[in-house]
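# Understanding the architecture of this molecule
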Amino acid sequence: MMQERSLDVAMLMRRAEGVFGHKRIVTATAAGEVVATWGEVVARARRLAGVLDLLGVPPEARVGTFGWNSQRHLELYLAVPGSGRILHTLNHRLFAAELTYIIGDAGDDVLFVDRSLLPTVWPLMAELSTVRHVVVMDDGGGEPVPDDPRVHDYDELLARVTEPAAPAVIAENDAAGLCYTSGTTGRPKGVLYSHRSIVLHALILLGADAFAISERDVVMPIVPMFHVNAWGLPYAAAMAGAGLVLPGPRMAPDALASLLSRHRVTFTAAVPAIWRAVEPLLPGLDLSALRMAVSGGSALPLSLSQSYADTAGVTLSSSWGMTETSPLVTCARLASTHDDLDAAAQRGILCSPGRPVPLTELRLVDEDGRIVPHDGATPGEVQVSGPTIASGYFGSDAGRASVTEDGWLRTGDIGTIDADGYLRIVDRTKDLVKSGGEWISSVTLENELMAHPDVVEAAVVAVADRRWGERPLACVVLAPGRDLTAEDLRAHLTGRVASWWVPDHFRFVPEIPKTATGKFAKVALRRQVADPDVP
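Residues numbered from 1 in each chain as written. Predicted model: local features only at pLDDT ≥ 70, side-chain atom pairs only at ≥ 80, totals over all residues. Heavy atoms only, no water.

An unreviewed UniProt entry annotates the protein chain as Fatty-acyl-CoA synthase originating from Pseudosporangium ferrugineum. In UniProt, the protein chain has this text filed under Sequence similarities (unreviewed entry): "Belongs to the ATP-dependent AMP-binding enzyme family." (UniProt positions renumbered as here; feature names shortened; annotations may be inferred.)

Bringing the pattern of salt bridges into the picture now. Per the stated rule, a full pass over the model turns up 25 salt bridges. Notably, a salt bridge pairs D148 with R150, separated by 3.0 Å at the nearest N-O pair. The partner of R196 in a salt bridge is E172, with the nearest N and O atoms 3.5 Å apart. Of this pair, R196 sits in helix α7 (residues 195–205) while E172 sits in the loop between α6 (154–160) and β8 (175–180), and the two are 24 residues apart along the sequence. Given a relative accessible area of 21%, E172 falls into the partly exposed group. The network of salt bridges with shared partners includes R44, R72, E75 and D155. (Salt bridge = Lys/Arg side-chain N within 4 Å of Asp/Glu carboxyl O. Helix = DSSP H or I, 4+ residues; strand = E, 2+ residues; numbered from the N terminus. Buried < 20%, exposed > 50% of the residue type's maximum accessible area, 1.4 Å probe, protein only.)

A few words now on the sheet that holds strand β20 (residues 423–428). Spatial ordering of the open sheet is given by β17-β18-β19-β20, a layout of four strands whose pairing is antiparallel. In this open sheet, the two edge strands, each paired with only one partner strand, are β17 (361–365) and β20. When strand polarity is set aside, the average angle formed by the axes of neighbouring strands in this sheet is 50°. Sheet analysis places β17 next to strand β18 (residues 380–385), joined by five bridges and oriented antiparallel. Along β18, the bridge assignment pairs V365 with E381. (Pairing = 2+ DSSP bridges. Axes fitted to C-alpha atoms, helices over the stretch in contact; angles between N-to-C directions.)

Moving on: the domain arrangement of the protein chain. Partitioning the protein chain into domains gives domain 1 (9–194), domain 2 (360–428) and domain 3 (433–530). Between the C-alpha centres of domain 1 and domain 3 the distance comes to 40 Å. Between domain 1 and domain 3, the residue contacts involve four residues of the former and four residues of the latter. Roughly 320 Å² of surface becomes buried between domain 1 and domain 3 when both sides are summed, with 61% attributable to carbon and sulfur atoms. Where domain 1 meets domain 3, there are zero residue pairs in polar contact (both at pLDDT 80 or more). Broken down by class, the residue content of the side of domain 1 that touches domain 3 amounts to one nonpolar, two polar and one charged. (Domains from an automatic or database assignment. Contact = heavy atoms within 4.5 Å. Buried area = accessible area lost by both parts, 1.4 Å probe. Polar contact = N/O pair within 3.5 Å; in protein donor to acceptor, adjacent residues only side chain to side chain. Nonpolar A, V, L, I, M, F, W, Y, C, P; charged D, E, K, R; others polar.)

Right, here's the structure in full:
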C-alpha cells in the first residue's frame, strides 16, 4: 500500500525551494546579467500565481507566453501549472497567420510578452478575441509599450501581491502545459502535457543513461523555452537542484560561447544550426567544464561532432524526439557493448539518435503493418509508446493523434533498430526519395555531404524524373570563400553511398530555408527548387 501523492509541478517547486534554495539562476539580458536563486524564483512564482488570481484567470485557462529563456519565463513555468492553469508557450518566430490561429485555437486568456517581442505580438491583438490581458516583461528592449488598459507591467503586478497565493488542488493527470507542433504537414496541432508526464519526463532526464543531470550541474538550455518546455530542462534542473544559465535574448554565437565558458556550464543542448554557428569560436574557448552537449531537432553531422571533440574536447552527442513525446525518446550514450569499437565507430554511435530512455518503448512497422525485426538493417516506421507520449491533440484538431489501434504513436520517421536497441533514423516518410522503385535516404546523403570540410549545410529533396520516377537533388551551402563544383561533390560521395544514390543535380544556395525551430524546411525548399526563377 503506497501513499496517494500527486506527481505535479508544485512538487518540483517545493523541492527546489526547500532543498536547493541557494542554487543560482543566471539570466543574460540586454543590460547585463541578473542573478537569483531557486528560493527567490519559487517565492516569486508563488506570488505570480496571485497575479493570475488578480487578473481573474480561471482554473485550467491557457496562459500564453512569448518569452526568451529568462528568469521571468522560468517563474511562469512554475506559477502557471502550479496554480492549476495551463502554460502555453508560443514561438515568436512563426508567421503572423500561424500565431493568430494557434492563440485562437488554444483560447489563450492572457499573454505574457517580453518587451523586445511586442512588435511581433501587438499587431495581432485585433484578431485575438479571447485575450483579455497582455503582461509585458521588461527584458531591456526599447520597444514602446502600448498605452492600453489591457496592458500591464509584470513587476508592477508582482509588487501588488505581497503574499503567496493559496495552494491549488491539482491532480497529476490535469493539464499543465501546451505546445503546438511546427505544422510541417498541415496546420499546427496542440499537444497537451499533464503534470504527471512533466514530472516523469524530468525524472527521465536525471537518468545516468539519459542526460544524467544532477545537483552538481550547471545547465544552460539554449533550446528555446517557447518550444517543448526547452526539452524539459528547466523542470529537470528544479528536480535535481542544478544551477541554471539562461541566455535571454542574447542568442548570437559569441554571446552563447561566452556564457558557456564564463559560467562553467556542465550541460547544454541546442539544435545543429546553433552548434554549427558556435563552431568557428571553439579555438581558444575554455569549455573544460562542459561534460555533455546534446544536439537534437535534426540529424547531427559526424563532422560537426568530430570538430567539437578535436577542437574543444567536448562530447557533442545526439538525441531524438518530437513535440508529441515531451520530447525526449532516445539519447546517444556509449554502452558496454561499444567498449571494443574504435574511436570512429564510437563517434558514429554518438551521432545516432541512440536508444530509448527509460519509460519509453520503440518498435518498427513496415508498410503492411507488420513488426520489423531489430536487426540494424531492416527499416520501418518508428512507433513509440509510454507515459510521456501524446495520445491525442488539443483544440480544433482534438482527438487521437497518429496513434495505432493498440496505442502506439506513429512518428512518420523511418528507421532501423539494432540488437542493442540503438535507433538510426533513415528519413521522414515524406522525405524519402523513391528512385526506380528503391528508397534513397535524404538524411544519409545530407550527412555525407556535410562531412565535406567546405560544406556548411546540405539538404536533399526529391525531384521528378521521367526514367526513375524521382531523383535526389542536393542544395548545398558552401563555407565562405570556398568554391566547389558538382563534380567535386560527386567525387566526395563516391564510396560513401551507393553509386545510384549520388544526386544527378546539385544547387549551390546562400542558405537553406528553416522552420521556426531550426529544422530544414523541406516544404519551402521543394517550392524553391520547383521555381525556375529562384537560383
